[in-house]
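Tertiary structure, described
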Amino acid sequence: TYDTFLFWTLGETASKSLAIALLQLPLVALFCVFLITRRSELTKGPVGICASLIGLYYCAHLPTIALARYSAVLVPAMLITAVGIFEPYSQRSQDLHSD
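Everything quoted here is computed from the prediction, not taken from an experiment.

So, how was this worked out
- Residues numbered from 1 in each chain as written.
- Predicted model: local features only at pLDDT ≥ 70, side-chain atom pairs only at ≥ 80, totals over all residues.
- Heavy atoms only, no water.
- Helix = DSSP H or I, 4+ residues; strand = E, 2+ residues; numbered from the N terminus.
- Buried < 20%, exposed > 50% of the residue type's maximum accessible area, 1.4 Å probe, protein only.
- Contact = heavy atoms within 4.5 Å.
- Areas by Shrake-Rupley, 256 points an atom, 1.4 Å probe, with all protein chains shown as cover.
- Core = buried A, V, L, I, M, F, W, Y, C linked by side-chain atoms within 4.5 Å.
- Patch = residues over 30% accessible without salt bridge, like charges linked within 9 Å, V, L, I, M, F, W, Y side chains within 5 Å.
- Salt bridge = Lys/Arg side-chain N within 4 Å of Asp/Glu carboxyl O.
- Expected span 1.5 Å × (residues − 1).
- Arc of directions from axis to C-beta.

What follows concerns the overall build of the chain. Secondary structure assignment for the chain yields 5 helices and 0 strands. Along the chain, helices and strands appear, N-terminal first, in the series α-α-α-α-α. Across the 99 residues that make up the chain, the buried fraction comes to 29%. For the chain, the share of sequence-separated contacts (at least 6 apart) that also reach a separation of at least 24 residues comes to 61%. Counting only carbon and sulfur atoms, one obtains 72% of the accessible surface of the chain, whose full area is about 6,500 Å².

This is the structure:
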């Protein structure tokens, strides 16, 4: 549990850790909301592959050492994946049916 929190928040100093937490914890929350709202779409296409790779990377590196700042690698991939939550559902439906 401690490493789970440190994975997203740890910096060299207390102030740096706070800044990292303020930037990364909202991203983690957004990504979790994305996964919950789009869970039916995760089994199809590139979104599911990207979400699976993010989860695999996180789970593989969490037990080793959370202090190494492995989360920095996940931030761009999580942003790209989670931004899909802002796309209107009706637009996605139209795009899926037009293909």
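With that out of the way, let us pick up the environment of Trp8. Looking at where Trp8 falls in the secondary structure, it is placed in helix H1 (residues 2–9). As a C-alpha pair, Trp8 and Val28 span 20 residues in sequence and 8.3 Å in three-dimensional space. Sequence-distant contacts of Trp8, defined by excluding residues within four places in its chain, comprise Ile20, Ala21, Gln24, Leu25, Val28, Tyr58, Ser71, Leu74 and Met78.

Let's shift gears to the nonpolar core. Generally speaking, a soluble globular protein has its nonpolar side chains buried in company with each other. One finds Phe7, Trp8, Phe31, Ile54, Tyr58, Leu74 and Met78 to be the most contacted residues of the largest nonpolar core, which totals 14 residues. The set of elements that each furnish at least two residues to this core consists of H1, helix H2 (14–37), helix H3 (45–61) and helix H4 (71–82). The contacts of Ile54, once residues within four sequence positions are left out, are Phe31, Leu74, Ala77, Met78 and Thr81.

For the rest of this paragraph, the subject is the side chain of Ser17. Counting through the fold element by element, Ser17 comes out in helix H2. Take Ser17: its relative accessible area is 16%, and that puts it in the buried class. When near neighbours in sequence (up to four residues on either side) are disregarded, Ser17 contacts Thr9, Leu10 and Gly11.

This part is about a nonpolar patch on the surface. Side chains of Ile49, Leu53 and Leu56 sit close together on the surface and give an oily, nonpolar patch of about 320 Å² of accessible area. Secondary-structure assignment places Leu56 in helix H3. Residue Leu56 is classed as exposed on the basis of its relative accessible area, which comes to 56%.

Taking 1.5 Å per residue, 12 residues should reach 16 Å; H4 reaches 15 Å between its end C-alpha atoms and fits that length. All of the buried residues in H4 are Ser71, Leu74, Val75, Met78, Thr81 and Ala82. Projected onto a plane normal to the axis of H4, the buried residues spread over an arc of 145° and lie on a single side. More than 90 degrees from the buried face of H4, the exposed residues found are Val73 and Ile80. In this structure, the buried side of H4 is in contact with H1, H2 and H3.

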